[in-house]
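Fold and geometry: a report
Residue-level listing of the chains:
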Amino acid sequence: MEAFGATRMDTKQQPLYVIIYQELEQAIRNGELQPGNALPSQNELARIYDVSTMTTRRALSELERSGLITRIQGKGSFVNHLSREVEGFSRIGFLHHLTNETNNEGLFNPFYVNAIGGVTKGAERYGLQVSYQIVSDTYDRINIWDDTAWVLLDTSRDIVAKLKESNKPMVSIHSYYPDLDIPFVVSDDVAGGYEVTSHLLSLGHRRIGIFLPESLMNLPQEFSNRYQGYVSALKQHKVEIDATLIAERIEISVHDGYQAAIRMLESCDPPTAIFALTDMQALGVLRAAEELGIQVPDELSVAGYDDQIYARITEPALTTVKQDISAVGELAVEILVSGARTKERQNLMVSLKPELVVRDSTSSHTPKKRK
């Protein structure tokens with residue numbers, strides 16, 4: 001560290017914090033300071049450069065803002081992994097396709113918020129900048145930046161094909177483009193659907209209703225996978241699939257979950273458990289059960305999917321499936337970085353298994369005659 005400060009008198013035209021920043025940046029980028037190394041404290045740097053601690057604090061703040069270091073209160077400043085380890089790109093473009101551009105719902109959907117949070121966190125680990133672009137069904141123009149790798153979220157195939165032609169590294173979250181040979185990262189919704197259904201079966205339920213947001217023939221991939229998990233669990237337990245327990249075209253809303261539950265629970269042979277493919281639908285089921293005087297979980301078990309915040313605080317608290325979407329975003333970055341570093345083709349699909357969260361809305365089935 002004694003070499004630091006040697007050039008400060010030769011560049012008086014620049015602010016002192018800039019000189020310190022540039023010298024430390026060079027030491028980091030040329031490998032003199034390795035990832036994980038501790039930097040001198042701001043007091044030590046003040047002595048080395050013969051400046052005030054306010055100046056060195058500014059220099060360290062700029063290094064942190066650039067993604068070169070991480071500052072931990074009470075411990076010090078540490079060198080991050082750097083984009084110099086990533087050949088071929090210096091930033092990540094996050095491309096998000098909004099299906100409904102009039103209400104901006106997709107921007108605030110927890111899935112998308114957590115996904116971009118994970119991508120940002122993963123990018124910071126390597127000193128990579130993240131730049132965000134939105135496209136929609138009516139506005140599909142994109143900027144194809146130089147030195148950029150791409151993370152795609154629900155992006156239309158035409159746009160993906162255009163990016164593919166530019167020979168940019170890319171990975172998809174959530175959507176699958178097998179003919180374009182693009183790696184993608186998903187939460188394993190088949191496993192999630194299987195875990196929920198197996199849990200209900202283990203509690204003695206054999207009549208398990210399920211709510212689908214579209215028809216069976218037109219289910220989006222994530223919901224189709226959850227349904228496949230449901231079917232697999234039933235078959236494994238030798239329980240026949242009953243078409244009267246499958247409600248199709250139930251919108252992802254509390255209102256539609258409520259209406260579908262009323263219809264199903266008032267049928268001549270109602271279910272003893274309902275698996276709603278989203279927590280919002282499951283909240284509607286809870287409302288319907290309360291209106292009909294059906295006790296949850298004593299007379300009806302209810303399970304959802306996604307582990308939204310309200311699933312934890314409703315009465316009763318909702319059994320559901322937790323997806324670590326932030327981890328999915330981080331893994332997407334790791335796939336881009338490792339692919340650039342090794343120059344080897346990555347596995348086409350990487351799945352992260354979700355976690356079944358058992359709460360008070362499910363219990364053992366004890367047949368009772370309903371009034």
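Relevant structure appears above.
Residues numbered from 1 in each chain as written. Predicted model: local features only at pLDDT ≥ 70, side-chain atom pairs only at ≥ 80, totals over all residues. Heavy atoms only, no water.

The next thing to look at is the overall build of the protein. A tally of regular secondary structure across the protein gives 12 helices and 14 strands. Within the protein, the proportion of its 371 residues that are buried is 50%. At a minimum sequence separation of 6, the contacts of the protein that also span at least 24 residues come to 70%. Roughly 18600 Å² of accessible area belongs to the protein as shown, and the carbon and sulfur atoms make up 48% of that amount. (Helix = DSSP H or I, 4+ residues; strand = E, 2+ residues; numbered from the N terminus. Buried < 20%, exposed > 50% of the residue type's maximum accessible area, 1.4 Å probe, protein only. Contact = heavy atoms within 4.5 Å. Areas by Shrake-Rupley, 256 points an atom, 1.4 Å probe, with all protein chains shown as cover.)

Sheets are built from strands paired through backbone hydrogen bonds, the pairs being either parallel or antiparallel. Across the sheet, which stays open at both edges, the 4 strands sit in the order E9-E8-E10-E11 with parallel pairing between neighbours. A strand with exactly one partner marks an edge of an open sheet, and here the two such strands are strand E9 (246-247) and strand E11 (301-303). In the sheet, strand E10 (residues 273-276) pairs with E11 via 3 bridges, with the strands oriented parallel. Bridged to Ile274 within E11 is Val302. The strands that helix H9 (residues 254-265) touches are strand E8 (208-211), E9 and E10; relative to E8, the one it contacts most, it runs at about 150°. (Pairing = 2+ DSSP bridges. Axes fitted to C-alpha atoms, helices over the stretch in contact; angles between N-to-C directions.)

Another aspect to go through is the sheet that holds strand E7 (residues 184-187). With respect to topology, 6 strands assemble into an open sheet ordered E4-E3-E5-E6-E7-E13, the strand pairing being parallel. Edge positions in the open sheet fall to strand E4 (129-136) and strand E13 (349-352), since each of these has one partner strand only. Mean inter-strand twist for the sheet, computed between neighbouring axes without regard to direction, equals 20°. Pairing of strand E3 (residues 91-98) with E4, which is carried by 8 bridges, proceeds in the parallel orientation. If you follow Phe94 over to E4, its bridge partner there is Tyr132.

This part is about the environment of Glu195. Of note, Glu195 is situated in helix H7 (residues 189-202). For the pair formed by Glu195 and Leu356, sequence separation is 161 residues and the distance between their alpha carbons is 6.5 Å. Setting aside anything within four residues of it in sequence, one finds Glu195 in contact with Lys353 and Leu356.

This brings us to H7. Compared with the 20 Å implied by 1.5 Å per residue over 14 residues, the 20 Å span of H7 between its first and last C-alpha is a close match. For H7, a buried count of 10 out of 14 residues is recorded, marking the element as mostly surrounded by other parts of the structure. Among all positions of H7, only Asp189, Ala191, Gly192, Gly193, Val196, Thr197, Ser198, His199, Leu200 and Leu201 are buried. (Expected span 1.5 Å × (residues − 1).)

In this section: H9. With 12 residues, H9 extends 16 Å from end C-alpha to end C-alpha; this agrees with the ideal 16 Å at 1.5 Å per step. Within the sequence span of H9, burial applies to Asp256, Gly257, Tyr258, Ala260, Ala261, Ile262, Met264 and Leu265. The secondary structure elements touched by the buried residues of H9 are E8, E9, E10 and helix H10 (279-292).

Right, let's get into the packing of aromatic side chains. Under the definition given, this model contains 6 aromatic pairs. Measuring from ring centre to ring centre gives 5.6 Å for Phe111 and Tyr112, while their planes differ by 85°; the resulting arrangement is edge-to-face. Lying across the ring of Tyr17, Arg58 places its NZ or CZ 4.0 Å from the centre. Between the NZ or CZ atom of Arg91 and the centre of the ring of Trp145, over which it lies, the distance is 4.1 Å. (Phe/Tyr/Trp six-rings, centres within 6.5 Å; stacked < 30°, edge-to-face > 60°. Lys NZ or Arg CZ within 6 Å of the ring centre and 35° of its normal.)

In this section: the packing of helix H1 (residues 16-29) against helix H3 (residues 53-65). For the pair H1 and H3, the least separation of the axes is 8 Å and the interaxial angle reads 45°. Relative to H3, H1 is oriented oblique. Here H1 runs over H3; the crossing is right-handed. Between H1 and H3, the residues in contact are Leu16, Tyr17, Ile20, Tyr21, Leu24 and Glu25 and Thr55, Thr56, Arg58, Ala59, Glu62 and Leu63, respectively. By residue class, the composition of the contact of H1 with H3 is 7 nonpolar, 2 polar and 3 charged. (Parallel < 35°, antiparallel > 145°, perpendicular 65-115°, else oblique. Left-handed = near helix turned anticlockwise from the far one by under 90°. Nonpolar A, V, L, I, M, F, W, Y, C, P; charged D, E, K, R; others polar.)

Here the focus is the pattern of salt bridges. All chains considered together, the criterion is met by 11 salt bridges. Among the ionic pairs, Arg226 bridges to Glu222, the shortest N-O distance being 3.3 Å. Taken together, the positions of Arg226 and Glu222, both in helix H8 (residues 221-236) and 4 residues apart, correspond to about one turn of that helix. Arg226 sits in the buried class, given a relative accessible area of 1%. Shared partners join several salt bridges into a network, and the residues in it are Asp189, Glu222, Arg226 and Asp306. (Salt bridge = Lys/Arg side-chain N within 4 Å of Asp/Glu carboxyl O.)

Here we take up unusual backbone geometry. In this structure, Pro297 follows Val296 across a cis peptide bond, with omega equal to 10°. Relative to the helices and strands, Pro297 is located in the loop between H10 and E11. Going from Glu315 to Pro316, the amide bond is cis rather than trans, its omega being -5°. Following the sequence through the fold, Pro316 ends up in the loop between helix H11 (309-313) and strand E12 (320-322). One non-glycine residue, Asp50, adopts positive backbone phi at about 55°. Tracing the backbone shows Asp50 in the loop between helix H2 (42-49) and H3. The class of Asp50 is exposed, set by a relative accessible area of 63%. Positive phi, normally seen in glycine, also occurs at Asn167, with a value near 60°. Residue placement: Asn167 occurs in the loop between helix H6 (157-165) and strand E6 (170-173). Residue class for Asn167 comes out exposed when judged on its relative accessible area of 69%.

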